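In case you want the letters, here they are:
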Amino acid sequence: MIQKHNFLKKDKFLLGTFSTNCGGGMTVSKLPDRWRANWENNLKLGLMLDEAGIDFMLPIARWVGYAGDTDFHGEVMETVTWATALLARTKQITVFATIHTVANHPVVVAKQIATIAQISSDRVGLNIVAGWNKPEYDALGIPLPKDHETRYGYAQEWFNFIKRLWTEEDPFNFDGKYFHTTRSYGNPRPSSMPPIFNAAGSGQGREFAIANADFLFTPAIDLERSKAEIAELKQKGVDAQRDVNVLTFSHVICRPTEEEALAERQRILDNADWAATDNLINLQFAHAHSFPHDLLNSIREGMALGHGGFPLIGTPQQVADGLIALHEAGFKGTTLSFFDYAEEFPYFRDNVLPILVERGIR
């Protein structure tokens, strides 16, 4: 029987980075010093994160950008090859591959993840995306199903197929609604089940996450709202006899003084790519349910600053207090994004992480 992954045994507040494989990261900016998603920067950051004990790196899979002056997220490193290269160079950190179900055949994905698991001593994770961004489907020449029931029905069969490839030794015929195969099998297979991430906001999406994912992503827009939401999601996990944890994503601007942090925030907003930001928001409204629609209109600045992530802006103590508040709300952990990850992470490492250790959540 396949073992429980070590990533799932961690009892601390988890920290990871998000979107370092994407040009601009999570910040929709026209500034020339914005994050460049090249291999040199990702490797430099990955080695720092690994040495600092950061738990994971999570990429975004993207096939077309959001236009505007910068074509935000138009430059993106493909996540399977990106994860493989990072895992080959690091020692402790877990690196996720983000994979769209509709664009990747389950037999291929099962083989890719199992290969990476062997390369990395089982430090690979899988972030499953059922799909929502219609321009990407158009670029791939694939129709986007209009209803969530179809999208997640396909994703469920896709993941069921992968799990069989990872757990069954003998060849089998798979005869489902979407896949019909003869003598399918997976070899090699991962020795432990990779941790599964999923971000979902619709009813069908959350049912899928609760049934399959170890960690469900949801935005932390209002922490009182989050407390109730997390309690409900975890209870649904209990009802389904599954241990479901909830993660969120955050954007960090950490400086020695609050005034410096706020000045940096304003510098970024003064140079935001608002056309790309509006395209991002409009697409979220049209096809995705990761953000509650009643809140999207109010967070335009937050979308430009850090893709709508929970703002951690201020001194090291203020940033640490924000992370502790997320922990107390019930989140198992958060991703972190920075305007320039490699430039800003060392200050966070040296000044925020010790506070979290002192407070007992790391």
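Residues numbered from 1 in each chain as written. Predicted model: local features only at pLDDT ≥ 70, side-chain atom pairs only at ≥ 80, totals over all residues. Heavy atoms only, no water.

Per an unreviewed UniProt entry, the recorded name for the protein is Alkanesulfonate monooxygenase, and the organism is Sphingobacterium cellulitidis.

K.L.:
Teacher, can you tell me more about the overall build of the protein here?
P.N.:
If you tally the helices and strands in the protein, you get 14 helices and eleven strands. Relative to the compact-globule value of 21 Å for 362 residues, the protein shows a C-alpha radius of gyration of 20 Å, a close match. The dimensions of the protein, computed from C-alpha atoms along their principal axes, are 65 × 40 × 40 Å. By the burial criterion, 55% of the 362 residues in the protein qualify as buried. The long-range fraction of contacts in the protein, counting pairs at least 24 apart against all pairs at least 6 apart in sequence, stands at 75%. (Helix = DSSP H or I, 4+ residues; strand = E, 2+ residues; numbered from the N terminus. Rg over C-alpha atoms; globule rule 2.2 N^0.38 Å. Buried < 20%, exposed > 50% of the residue type's maximum accessible area, 1.4 Å probe, protein only. Contact = heavy atoms within 4.5 Å.)

K.L.:
What's the story with the packing of aromatic side chains in this structure? I'm lost.
P.N.:
The relative placement of two aromatic rings is captured by the distance of their centres and the angle of their planes. Per the stated rule, a full pass over the model turns up 18 aromatic pairs. For the ring pair F56 and F197, a centre distance of 5.4 Å and an interplane angle of 85° mean the geometry is edge-to-face. Here the residue F56 occupies a position in strand β2 (residues 56–58), and F197 occupies one in strand β7 (residues 196–199), the gap between them amounting to 141 residues. Each member of the pair, F56 together with F197, is buried. For the ring pair F96 and F197, a centre distance of 3.9 Å and an interplane angle of 20° mean the geometry is stacked. One end of the pair, F96, is in strand β3 (residues 94–100); the other, F197, is in strand β7, and 101 residues separate them in sequence. There is no split in this pair, since F96 and F197 are both buried. Following the ring pairs from residue to residue traces out a cluster consisting of F18, F56, F96, F197, F215, F217 and F249. Positioned above the aromatic ring of F172, the side-chain terminus of R164 is 4.1 Å from the ring centre. (Phe/Tyr/Trp six-rings, centres within 6.5 Å; stacked < 30°, edge-to-face > 60°. Lys NZ or Arg CZ within 6 Å of the ring centre and 35° of its normal.)

K.L.:
Looking at this model, I keep getting lost on the pairing of β3. Mind explaining?
P.N.:
A regular strand places its side chains so that they alternate between the two faces of the sheet. Most of β3 sits out of view: seven of its seven residues are buried. Bridge count for β2 against β3 is two bridges, and the pairing is parallel. Bridge pairing in β3 places M57 opposite V95. What joins β2 to β3 is helix α2 (residues 79–89), and the crossover it makes is right-handed. Of the pairings in the sheet, the one linking β3 to strand β4 (residues 124–129) comprises six bridges and is parallel in character. Considered in β4, the bridge of A97 is made with L126. With helix α3 (residues 106–120) bridging β3 and the parallel β4, this β-α-β connection has right-handed handedness. (Pairing = 2+ DSSP bridges. Right-handed = clockwise from strand over helix to strand, strands pointing away.)

K.L.:
What is the right way to look at the nonpolar core in this model?
P.N.:
Soluble globular proteins tend to pack their nonpolar side chains together in the buried interior. Residues W158, W166, F197, L323, F331, F348 and L356 are the most contacted members of the largest nonpolar core, which totals 90 residues. Of the residues forming this core, the biggest block, nine residues, is contributed by helix α5 (residues 148–167). Ignoring any residue separated from it by four or fewer positions in sequence, one finds F348 in contact with V252, V319, L323, L336, F338 and L353. Grouped together as the second largest cluster of nonpolar side chains are ten residues, F72, A276, I281 and L283 included. (Core = buried A, V, L, I, M, F, W, Y, C linked by side-chain atoms within 4.5 Å.)

K.L.:
I'm lost on α2 in this one. Help?
P.N.:
For an α-helix, the turn length of 3.6 residues means that residues three or four places apart are oriented alike. For α2, the set of buried residues is T79, V80, W82, A83, L86 and L87. Projected down its long axis, α2 carries its buried residues within an arc of 160°, all on one side. Of the exposed residues in α2, those oriented more than 90 degrees away from the buried face are T81 and A88. Structurally, the start of α2 carries an N-cap: the backbone nitrogen of V80 is 2.9 Å from a side-chain oxygen of E78. (Arc of directions from axis to C-beta. Polar contact = N/O pair within 3.5 Å; in protein donor to acceptor, adjacent residues only side chain to side chain.)

K.L.:
Whenever I open this one, the environment of H73 confuses me. Can you help?
P.N.:
With respect to the helices and strands, the residue H73 is situated in the loop between β2 and α2. Judged by relative accessible area, which is 1%, H73 ranks as buried. Along the primary structure H73 and A61 are separated by twelve residues, whereas in three dimensions their C-alpha atoms are 9.6 Å apart. Ignoring anything within four residues of it in the chain, the contact list for H73 reads S19, C22, G23, G25, I60, R62, V64, G65, Y66 and H307. Polar side-chain contacts of H73 include one of 2.6 Å to the backbone oxygen of G25.

K.L.:
Would you explain helix α6 (residues 203–212) in this entry?
P.N.:
Those residues of α6 lying buried are G205, R206, F208, A209, I210 and N212. As for α6, its buried residues are in contact with β4, α5, β7, β8 (215–217) and α7 (223–239).

K.L.:
For this particular structure, what's the right way to read the pairing of strand β5 (residues 172–175)?
P.N.:
A one-sided burial pattern is seen for β5, the buried positions being F172 and F174 and the unburied ones N173 and D175. Of the pairings in the sheet, the one linking β5 to strand β6 (residues 180–184) comprises three bridges and is antiparallel in character. Directly across from F174, in β6, lies its bridge partner T181. Hairpin geometry of β5 and β6 is characterised by an intervening segment of four residues between the two adjacent antiparallel strands.

K.L.:
Explain the side chain of T101 here, please?
P.N.:
Within the secondary structure layout, T101 lies in the loop between β3 and α3. Not counting residues within four places of it along the chain, the set of residues in contact with T101 comprises I128, V129, A130, Y154, A155 and W158.

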